[in-house]
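# Residue-level structural notes
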Amino acid sequence: MSTPPAAADFDSAVAALYSQLHQSTTPAALNAAAARRANTIHDMHTYLHRLGLELNNTAHDDGRSNHHLANPTQQSSCNHTLPPLIIHITGTKGKGSTLSYCESLLRNTYGLTTGMFTSPHLVCIRERIRINGIPVSKKVFAEVYWTVRRMLERNCHVMLQQQQHSNDATAADDDGNSSQGSDQELLPPLPTLPGYFRMLTLMALYTFAHHDGPKVDAILLEVGMGGRYDATNVFEPHNDNNNGRILVRGITLIDYDHTRVLGSTLEQIAWEKGGIFVSNKRGKIHGNDGGYDKFLNSHEEQQEEEEYEEEEGIGYNNTLFVNGSNTPQVANVLRTIVREEKDSSLLQLVQDSYLDSIPELNFHATHQRGNAALALAVCQHAILQYQKQQQHCYYRTLSNNGDVTKEQIAAALNNTFWPGRCHTLTLPSSNNDNQEVSLKLRCDGAHTPISINACINWFQSILTSYSETTSDSVRKVLIFNCGHERNPIPLLHSLHQSGLFDRVYFSRADFERPSAMPKQLLEEWRKEEILTIVEPMSGEECAVNYEVMCNTLKELGMTTSSDATECDGMTKSTWQHTLASIWKILDLYHSQVVEKKSHPSTNVDSKKVVVGLKVVDAIEDIKKQQEAQREVNGGKKASVEILVTGSLYLVGSALEAVGWEEGESEGRLSIH
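Presented here is a report on the structure given in the accompanying data block. Just so you know, these numbers come straight off a predicted model, no measurement behind them. (Residues numbered from 1 in each chain as written. Predicted model: local features only at pLDDT ≥ 70, side-chain atom pairs only at ≥ 80, totals over all residues. Heavy atoms only, no water.)

### What about the overall build of the protein chain?
For the protein chain, the helix and strand inventory stands at 21 helices and 18 strands. Within the protein chain, buried positions represent 55% of all 672 residues. Counted over contacts in the protein chain with a minimum sequence separation of 6, partners at least 24 positions apart contribute 79%. Roughly 28,300 Å² of accessible area belongs to the protein chain as shown, and the carbon and sulfur atoms make up 46% of that amount. (Helix = DSSP H or I, 4+ residues; strand = E, 2+ residues; numbered from the N terminus. Buried < 20%, exposed > 50% of the residue type's maximum accessible area, 1.4 Å probe, protein only. Contact = heavy atoms within 4.5 Å. Areas by Shrake-Rupley, 256 points an atom, 1.4 Å probe, with all protein chains shown as cover.)

### A word on the packing of helix α20 (residues 615-632) against helix α21 (residues 648-657)
At a minimum axis separation of 8 Å, α20 and α21 run at an interaxial angle of 60°. Overall, the two elements α20 and α21 adopt an arrangement that is oblique. Where α20 crosses over α21, the handedness of that crossing is right-handed. Where α20 abuts α21, its residues Val 615, Val 616 and Ile 619 lie against Leu 650, Ser 653, Ala 654 and Ala 657. Its residues assigned to classes, the contact of α20 with α21 shows 6 nonpolar, 1 polar and no charged. (Axes fitted to C-alpha atoms, helices over the stretch in contact; angles between N-to-C directions. Parallel < 35°, antiparallel > 145°, perpendicular 65-115°, else oblique. Left-handed = near helix turned anticlockwise from the far one by under 90°. Nonpolar A, V, L, I, M, F, W, Y, C, P; charged D, E, K, R; others polar.)

### Considering the pairing of strand β8 (residues 319-323)
Within β8, 5 of the 5 residues are buried, which leaves it mostly tucked inside the rest of the structure. Two strands pair when backbone bridges link them, and strand β7 (residues 246-251) and β8 are joined in this way by 3 bridges, in the parallel orientation. In the sheet register, Arg 249 faces β8, and the bridge partner there is Leu 320. Sheet topology places β8 next to strand β9 (residues 346-350); 5 bridges connect them, and they run parallel. What sits directly across from Leu 320, in β9, is Leu 347. (Pairing = 2+ DSSP bridges.)

### Concerning the sheet that holds β8
Here 8 strands make up an open sheet; going across it, the order is β4-β3-β2-β6-β1-β7-β8-β9 and the pairing mixed. Two strands close off the open sheet at either side, each with one partner strand: β4 (134-135) and β9. Pairing analysis gives 5 bridges linking strand β1 (residues 85-90) to strand β6 (residues 218-222), with the strands arranged parallel. Paired with Ile 86 across the two strands is Ile 219, which belongs to β6. Along the sheet, helix α4 (residues 95-108) makes contact with β1, β2 (114-117) and β6, crossing β6 at roughly 170°. Along the sheet, helix α13 (residues 368-388) makes contact with β1, β7, β8 and β9, crossing β8 at roughly 170°.

### Here's the deal with the pattern of salt bridges
Per the counting criterion, the structure on display carries 16 salt bridges. Ionic pairing is found between Arg 198 and Asp 43, a salt bridge with its closest N-O pair at 3.0 Å. With Arg 198 in helix α7 (residues 196-210) and Asp 43 in helix α3 (residues 40-50), this pair connects stretches of sequence that are 155 residues apart. We classify Asp 43 as buried; its relative accessible area is 0%. (Salt bridge = Lys/Arg side-chain N within 4 Å of Asp/Glu carboxyl O.)

### Overview of the environment of Gly 667
With respect to the helices, strands and loops of the structure, Gly 667 is situated in the loop between α21 and β18 (668-669). The exposure class of Gly 667 is partly exposed, given its relative accessible area of 33%. In sequence terms Gly 667 and Val 140 are 527 residues apart; their C-alpha atoms lie 8.2 Å from each other. In this view, Gly 667 contacts Val 140, His 211, Asp 212 and Gly 213; residues no more than four positions away in its chain are not counted.

These figures capture arrangement, not role.
Encoded structure:
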């Protein structure tokens, strides 16, 4: 058992979460964590049981009680139980935004106290656990970390001692290895302390069960990755045995992301996401469930696509909600998963038109309409189910008995704010007294092709509003980075093709998620991958001079690692240099194909591309550049628009660089 520091405070809790106690940083640790991925649901139930958090309000769903734990939670009491309403959201795009719309609707229109768990955080780790939309305090975060950690350590040893003196099959099963086949014996042992995301999920659930002043009425959970094998996928849909707990599940737009883990096709990714629609999860989702291959082989001949009325599922006991903008192939996979359940579940595709009856909606970006529509459908269904269960002692009376107006719904949606997504900040110039320099920081954590295009549209709409209101020139700057596990080419291609940016910074984020995948340098990319960004667009008219391209690659030092050259005083050996080099190839393509220059220059203007600065230094450099430009223009007002995108970690670094941070929610933990 590890020994906690003398000062079990917030800083020491954060340090522990980032340490090897919870982080897999070595290849062996990463491989061990990956080996247990398919066993996540059973592992989480083991940890929850050790914390006394039984998900059915009464006894453990396999018949065990928690009387043997040290200071177990008294789940039979209405004072300490997990809240009665659970909203669980997965998808690729808009998970956090959809959940934030849900949070605002439940709190502002129905008067419920909300507990929300999301990822990743932008500036402070407290952002992941929220009460009424506001991050928990440092005091609460520290208290819940050390409480959960000590209980896991203590009760793990209690159970191990019991197992040594008992042949009881149920107790033996608490080693974290499910009984789904002999292959489970090959798993590495379940760690006493869970990994980073699992630990944070446990902390969030423990907080929501024990928070007081106010007591939480509804839990809102965002899946971390995928859904089927995610640590949040532990709740079961309503049945006669779970004392009225309501589980409402939704899936946002599905796109290509985390393909190394979730699969390379949208259908595979949809199968992973659709795992939250499964019931009896511990019986069906485990290391021997056959995976996507079994699912695919069982459904080679898919039935014809079915038509669903947009509003038929609202109020039906077990309705499952999906963003209607998903492809027919994705919808078909999700329907098949629902059919497999054979429990009268109903899938509802929610179209943007679901909001047509709500007046005066004003979204920061048009793509948020789909997220808001899904959120409204989910919440209206949840409230109808909630009203049926209000006889239970732990159900709060709804505001106005749940009768809300369309205007109240519009106000809740319009007032929703989700940091780092279509997020605008006004910055002071390098000379704080200079009112003639306008600096706006536009942050959006887009990191897939679809979301990058939506981000570009949002940024373009901002620039259009400038042209309609002022004749002043606007300088447009891009600060970009993306995770090295992603293919950056389609993201950079879209940004470059927009033609919006006068200057580009490729900056590293202050923090990155641990990864087993090494960072690629450009020379490690296959030549054909690089050239996909400059394939002919319309026959001979746009043909690319292959020889010129290869010569450019060589001149830019992008052929072999031994040819690496110096650029801005730095060796071209970083991920940011890889991104910058791809951007320069796009410059060449634009020069030759779009501008149709037969002999384009390979001397790219290095002043327009800056590589390797931290975000805080990039922002300061932009301020200085703009002050200098204003002086050149004879003191004429200078405006600059800075778009930060490509990674939520990068956005978080930008927000931290300008001193942005959220406040702390009220309340305390009641755990004694």
